[in-house]
Amino acid sequence: MKPRLLVTTDIGADPDDEQSLIRLLVHANDMDLEGIVPDLWEKHEGRLGALTPQTQMELVHEIIRRYGRVGDNLACHANGFPAEDALHSMVKRGPVHVPNPAKQGAPVDVSHLVGDGKDTEGSDWIIACADRGDSFNRPLDISIWGGSASLAQALFRVRQTRSAAAVDTFVKRLRVHAIGDQDDTGPWIRREFPRLFYILNHGMDDDKLSACFRGMYMGGDESTTSREWVRANVSRRHGPLGAFFPEETWTAPNPHGCLKEGDTPAWFYFLDNGLHVPSEPGAGGWGGRYEWSDQYGCYRDARDTVDADTSHRATVYRWRSRFQNEFAARMDWCIAPPLQANHKPEAVCNGERGTEVLRVAARPGDRITLDASGSRDPDGDGLTFAWWVYGEAGTYRGEPLIEGAASPDAVVVVPDDARGKTFHVILEVTDTGNPPLTSYRRIIIAAE
């Protein structure tokens, strides 16, 4: 099911926020996007020069206008892309002249950002979106690319004006994924609202250079983050939206100094692609994998092992070839008719369509049959299949045997010593189109 998504962003400084917004918009049919709230830092200056509150807002609207110029073509490829006017209407002014945090992760005085007289369009809009609720009981997912001041002020205002029970109800409607503490309000939010679902994507050792989000462009095969790749697949000959994709970012270290998108994992995490389980941060997916930290009172970066590398970044970069291929295909959608672009296959497991996790109860020694033969490709492309166990996502630390791991039909043998444990089987269905696209299903097997 589509997530409800609201983004806060310090767009206009390091150009990676512009990159993340462009990618988000070509995935906008996969989200119910409800808000874009720019926060303006002190001494804010980017590739377009010094920013004012007005020019920062204009930057967001310009990207949306460029989306509007390719919107009809995008809609030829998939249903659900929002209208340009709807996107413009959800851009709301956040706080301005926000100072950089005093110290990463430290509880500090936030009276300069939160309190009476600090309400903004953005904080009011967060309240309105959360209060609007949803007939499917979906939470409002808040993706924080810059600072969390708008969210902090919204929470402050709700607590000032509502009963304790109503505040608790409000908090339960929210899920937050924040890229670091980029202003002073993150520690305050986690201290004052400990029941809030909150992921702090910053590296468990407080080294932001090791954080999960750095896996967007660091580690593994970095060829698809190069300027050559970006020019071939995004920024050149892919229409007016792609032409606005920055080809240079200046945050070091960056192997190519081009694609960064350090904020993209904050919305990738909520993407319903058959892989993610947003309510279970330890499951992992394109947006990284996370585990609970008692010290911080929230979820923090976990580590995966890929080849010989065990790191936070590996939880994201292990998927990079797949999500970069998807980005390239969607940029093709901006300019090409449907017969000249690729579309991802549908992964069907044991006759179950959709993206829901399949949960299987088993006993040690059981042979679990998994059948993906009902999968199909909308373009008629050939399909390849891969079944594998995502070891870090489950509680069983061995290596369950999968028979037929490269075939449509597979058999998973539940290990004799797996009683009381879970393991996650990932199905990848990849087409033979250009670029090849992958769809997923996750099967969680619990040995009783």
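See the structure printed just above.
Please read all numbers here as calculations on a predicted model, not as lab measurements. Every chain's residues receive numbers from 1 upward, in the order its sequence appears when written. With the structure being a predicted model, the display of local features is reserved for residues of pLDDT at least 70 and the display and counting of side-chain atom pairs for 80 or more, all residues being used for whole-chain, interface and lining totals. Note that water and hydrogens are dropped before the side-chain values are worked out from all heavy atoms of the structure.

> Looking at this structure, I do not really get the pattern of salt bridges. What am I missing?
A side chain of one charge can pair with a side chain of the opposite charge if their charged atoms are brought near each other. Here, a salt bridge means any Lys or Arg side-chain nitrogen found within 4 Å of an Asp or Glu carboxyl oxygen. The full count for this structure, using the stated rule, is 31 salt bridges. The residue D304 makes a salt bridge to R289 at a minimum N-O spacing of 2.7 Å. Taken together, the residues D304 in strand 10 (residues 304–306) and R289 in the loop between helix 10 (265–268) and strand 8 (290–293) connect sequence positions 15 residues apart. Both residues of the pair, D304 and R289, belong to the buried class. The salt bridge involving R353 is made with E346; its shortest N-O contact spans 2.6 Å. One network of salt bridges, with partners in common, ties together E58, E62, R65 and R66. Numbering goes from the N terminus for both helices and strands, where a helix is a DSSP run of H or I of at least four residues and a strand is a run of E of at least two. Each residue is placed in one exposure class: buried if its accessible area under a 1.4 Å probe, protein chains only, is under 20% of its type's maximum, exposed if it is over 50%, and partly exposed if it falls in between.

> Sorry if this is basic, but what is going on with the layout of surface pockets here?
A water-sized probe, rolled over the atoms, reveals where empty space remains. With a 1 Å grid spanning the protein atoms alone, the term cavity applies to any set of points in which a 1.4 Å probe fits but cannot get out, the term pocket to an open set with protein on both sides within 12 Å along at least five of seven lines, and the term lining residue to any residue with an atom within 4 Å of a point. Grid points are joined across faces, edges and corners, and a volume is the space filled by probe spheres set on the points. Put simply, the largest pocket is a space of about 690 Å³. Surrounding the largest pocket, 29 residues form its lining, D30, K344, P345, T355 and S439 being those nearest its centre. Where the lining of the largest pocket is concerned, the elements lending two or more residues are helix 12 (320–333) and strand 18 (438–447). Broken down by element, the residue count for the lining of the largest pocket peaks at four residues, all from strand 18. Here the second largest pocket defines a volume of roughly 450 Å³. Along the walls of the second largest pocket sit 21 residues, with W41, Q182, K208, R214 and K260 positioned nearest its centre.

> Help me out: how do you make sense of the environment of P337 in this one?
Note that P337 resides in the loop between helix 12 and strand 12 (358–362). Separated by 263 residues in the primary sequence, P337 and L74 have C-alpha atoms spaced 9.1 Å apart.

> When you look at the nonpolar core in this model, what are you seeing that I'm missing?
As a rule of thumb, soluble globular proteins bury nonpolar side chains together. The criterion is simple. A nonpolar core is a set of buried Ala, Val, Leu, Ile, Met, Phe, Trp, Tyr and Cys residues joined through side-chain atoms within 4.5 Å. Counting residues in hydrophobic clusters, the biggest one holds 66 residues, and the most contacted among them are L5, L21, L24, L33, I63, W267 and W286. Elements supplying a minimum of two residues to this core: strand 1 (4–9), helix 1 (16–26), strand 2 (32–38), helix 2 (53–75), strand 7 (197–201), helix 8 (227–235), helix 10 and helix 12. With eight residues, helix 2 is the single largest residue contributor to this core. Not counting chain neighbours up to four residues away, the residues in contact with L21 comprise I11, I36, V60, I63 and W145. A152, F156, L174 and I189 belong to the second largest nonpolar core, which has 35 residues in total. Two residues form a contact once any of their heavy atoms are found within 4.5 Å.

Keep in mind that these numbers describe shape and distance, not what the molecule does.
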